[in-house]
Amino acid sequence: MCGEEKVLSLVQMAKAKENLDPCEAARYYFEAAGELLHCSQEKPHRTEEFIEVAQKMYDRATILRKQEKSTITFLHQPNEKKDGSKNFKDIGGLEQLKDQIRLKIIEPLKQPDLFRYYGKQAGGGILMYGPPGCGKTLIAKATAGEAGVHFIHVKGSDLKSKYVGETEKNIAQLFENARQMQPTIIFFDEFEAIGGDRTDAAPHERNAVAQLLTEMDGVDTKNQQLLVLAATNEPWAIDSALRREGRFGVTLFIPPPDAHTRTEILESIMRSRPTERLQYGLLATMTDNFSGADLKGVCENAVEIALTQSLKTGKRRLITMQDMISSITNTKSVLPQWFAKAQEQVRKRHLQDSFQELFEMVLA
Ligand SMILES: Nc1ncnc2c1ncn2[C@@H]1O[C@H](COP(=O)(O)OP(=O)(O)OP(=O)(O)O)[C@@H](O)[C@H]1O
Ligand SMILES: [Mg+2]
């Protein structure tokens, strides 16, 4: 497929993805815009028209990229490989973490009998914490893809209701649904929004934590095949009762990517883009302290530099090392600031023993 036909098909795919996965939709729009520019070279008499449409797609893609997915989403049905679903191959580096997840999440759900034989419970809760943009949500999605079980993705803020009693009902309903279709992974993203420390909360918000505690205790006893994953970048704000054994007793720190991981992330993002030969090792060295999200931003900005120029000149050109370097120079990582805040908050609450990893990281 080529030319306008390909553009049309990309736009259709983008439209279909707009609500489900805005980032994926944005990628299709970017690709369609690039393809249209290519068409304009072959049909110079329609250049102006094509450039105008490409600009619209590009604007739409930019809006979509800023849009976060909200609402409760059922991402996977068991054994169903959905378009856009993730697995561990999509995660650069973090090998030890993947092994831990295999042992603590995937295998217990896949082989509950084996785990029971050795006196180990399948199910329970795991809390992932770490700086923003370093892959917590990506890991949860990839875990679901690897395990091939039902996966319920819910943002803390989506369960929260301003009406008294509603949040607890939402939580109870969620667990009930999950129980009915187990084996299931429930993933609470932005966990601090509902699992926040009760001493800091309004009375009706305390009930949400109480409901979560009840449900989590149930997970350990009645429901062997229900696993609850939670992610937060404010671990100090999570109610301490939720972090006890049998609830979210296991905490996993998701660190910023090291140089090797940064190389893999940069390569995986740029693989599908038209680039000159890029020196990924050098780019990784220049992005010390950058999160995965920062790296994604760097790549998208470099693409935009090349695309904007192509829109202006009507000529396609490859994305260059220089585009990547200018993009890096214009990107500031938020990680040093986050670590400073995290250490301060953890010290203030005397939680150093629970979150030691925060003090072991040395940022330049
Ligand atoms: N190890 C990694 N490999 C590949 N991509 C990564 C990795 N870490 C982060 N990314 C990319 O960076 C972006 C941000 O990651 P993600 O949304 O999972 O971060 P997060 O830890 O959940 O952040 P937040 O705390 O803000 O929710 C994603 O687009 C993801 O694809
Ligand atoms: Mg996230």
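Residues numbered from 1 in each chain as written. Chains lettered and ligands numbered in written order. Predicted model: local features only at pLDDT ≥ 70, side-chain atom pairs only at ≥ 80, totals over all residues. Heavy atoms only, no water.

### Brief notes about the overall build of the protein chain
The cut-off we apply is this: By the criteria applied, helices consist of DSSP H or I runs no shorter than four residues and strands consist of E runs no shorter than two, each listed in order from the N terminus. Here the term buried applies to any residue with accessible area under 20% of the maximum for its type, exposed to any over 50%, and partly exposed to those in between, with areas from a 1.4 Å probe on protein chains only. Here, residues are in contact when the closest pair of their heavy atoms is within 4.5 Å. Using the Shrake-Rupley algorithm and a 1.4 Å probe, accessible areas are obtained, with residue cover drawn only from the displayed protein chains.
On a plain count of helices and strands, the protein chain comes out with 16 helices and six strands. Classification of the 364 residues of the protein chain by burial places 49% in the buried group. Partitioning the intrachain contacts of the protein chain with sequence separation of at least 6 by distance along the chain shows that 77% fall at a separation of at least 24. For the protein chain, the exposed surface amounts to about 18,200 Å²; the carbon and sulfur share of it is 51%.

### Some points on the site of ligand 1
Operational definition: It suffices for a single heavy atom of a residue to lie within 4 Å of a molecule or strand for the residue to be listed as near it. Any pair of N or O atoms that falls within 3.5 Å is considered a polar contact. Within protein, one atom must be able to donate a hydrogen and the other to accept it, and sequence-neighbouring residues count only if both atoms are side-chain atoms. Polar here means any residue other than Ala, Val, Leu, Ile, Met, Phe, Trp, Tyr, Cys and Pro, which are nonpolar, and Asp, Glu, Lys and Arg, which are charged; Gly is therefore polar.
As a structural note, the neighbourhood of ligand 1 is formed by 18 residues, with Gly92, Gly133, Lys136, Thr137 and Asn233 the closest of them. Taking Lys296, its side chain carries an N or O atom lying 3.2 Å from an oxygen atom of ligand 1. Looking at the shell around ligand 1, the elements that each hand over two or more residues are helix 6 (136-147), helix 11 (259-270) and helix 13 (292-313). Taken together, the residues of the shell around ligand 1 sort by class into eight nonpolar, seven polar and three charged.

### Digging into unusual backbone geometry
For the peptide bond that leads from Gln182 to Pro183, omega is 10 degrees, which places it in the cis range. Mapping Pro183 onto the fold places it in the loop between helix 8 (166-180) and strand 4 (184-189). Phi angles above zero are rare outside glycine, and Glu190 is one such case at about 50 degrees. Mapped onto the fold, Glu190 is located in the loop between strand 4 and helix 9 (192-195). The phi torsion at His350 lies on the positive side, around 55 degrees, for a residue other than glycine.

### Section: a nonpolar patch on the surface
Short version of the rule: Surface patches are drawn from residues lacking salt bridges whose relative accessible area is over 30%; two like charges belong together within 9 Å, two nonpolar side chains (Val, Leu, Ile, Met, Phe, Trp, Tyr) within 5 Å. A pairing counts as a salt bridge when a side-chain nitrogen of Lys or Arg comes within 4 Å of a carboxyl oxygen of Asp or Glu.
Nonpolar side chains collect at one region of the surface, where Leu114, Tyr117 and Tyr118 lie side by side and expose about 410 Å² of accessible area between them. Mapped onto the elements, Tyr118 comes out in the loop between helix 5 (112-117) and strand 2 (124-129).

### Notes on the packing of aromatic side chains
Put simply, the test is: Classification of ring pairs rests on two measures: the distance between centres of Phe, Tyr or Trp rings, Trp counted by its six-membered ring, which must be within 6.5 Å, and the angle between planes, read as stacked under 30 degrees, edge-to-face over 60 and tilted in between.
Enumeration over the complete set of coordinates arrives at 10 aromatic pairs. Centroid distance Tyr129 to Phe253: 5.3 Å. Interplanar angle 50 degrees. Geometry classified as tilted. Here the residue Tyr129 occupies a position in strand 2, and Phe253 occupies one in strand 6 (residues 250-253), the gap between them amounting to 124 residues. Three or more aromatic residues joined by ring pairs make a cluster, and in this case those are Phe175, Phe188, Phe191 and Phe248.

### Here we look at the confidence of the model for the protein chain
Any residue range with low pLDDT should be treated as having predicted coordinates unsuitable for detailed reading. To be explicit about the condition: pLDDT measures how confident the predictor is about each residue, on a scale from 0 to 100.
Summing up the model confidence of the protein chain, the mean pLDDT is 84 and the portion of residues at 70 or higher is 89%. Confidence drops under a pLDDT of 50 for residues 68-83, and excluding neighbours within four residues, the segment shows 40 contacts in the predicted structure.

### Observations regarding the pattern of salt bridges
The full count for this structure, using the stated rule, is 15 salt bridges. Residue Glu35 is joined to Lys6 by a salt bridge in which the shortest nitrogen-to-oxygen separation is 3.8 Å. In this pair, Glu35 is assigned in helix 2 (residues 22-42) and Lys6 in helix 1 (residues 3-17), connecting sequence segments 29 residues apart. Between Glu49 and Arg46 there is a salt bridge, with the nearest N and O atoms lying 3.0 Å from each other. One network of salt bridges, with partners in common, ties together Glu4, Lys43, Arg46 and Glu49.

### Observations concerning helix 13
Worth spelling out the cut-off: Here a helix's expected span is defined as the number of its residues, less one, multiplied by 1.5 Å.
The end-to-end C-alpha separation of helix 13 is 32 Å, in line with the 32 Å expected for 22 residues at 1.5 Å each. Gly314 sits one or two positions beyond helix 13 and adopts a positive phi of about 75 degrees.

### Here we look at the packing of helix 13 against helix 14 (residues 321-329)
Cut-off, in case you're wondering: Geometry is summarised by axes, namely lines fitted to C-alpha atoms with helices restricted to the contacting stretch, and by angles between N-to-C directions that run from 0 to 180 degrees. Should an angle lie under 35 degrees it is considered roughly parallel, over 145 roughly antiparallel, and from 65 to 115 roughly perpendicular; all remaining angles are considered oblique. Here a crossing is called left-handed whenever its near helix is offset anticlockwise from the far helix by less than a right angle, and right-handed whenever the offset is clockwise.
At their nearest, the axes of helix 13 and helix 14 sit 8 Å apart, and the two run at 125 degrees to each other. Our classification of the angle between helix 13 and helix 14 gives oblique. The two elements helix 13 and helix 14 meet at a crossing, and its hand is right-handed. Across the interface between the two elements, Gly297, Val298, Cys299, Asn301, Ala302, Ile305 and Ala306 from helix 13 touch Asp323, Met324, Ser326, Ser327 and Ile328 from helix 14.

### Regarding the pairing of strand 2
Note the threshold: We treat two strands as partners when DSSP finds at least two bridges between them.
Within strand 2, six of the six residues are buried, leaving the element largely enclosed by the surrounding structure. Every second residue of strand 2 is oriented toward a common face, with Gly124, Ile126 and Met128 on one face and Gly125, Leu127 and Tyr129 on the other, all of them buried. Inspection of the sheet shows strand 2 paired to strand 6 by four bridges, in the parallel sense. Considered in strand 6, the bridge of Tyr129 is made with Phe253.

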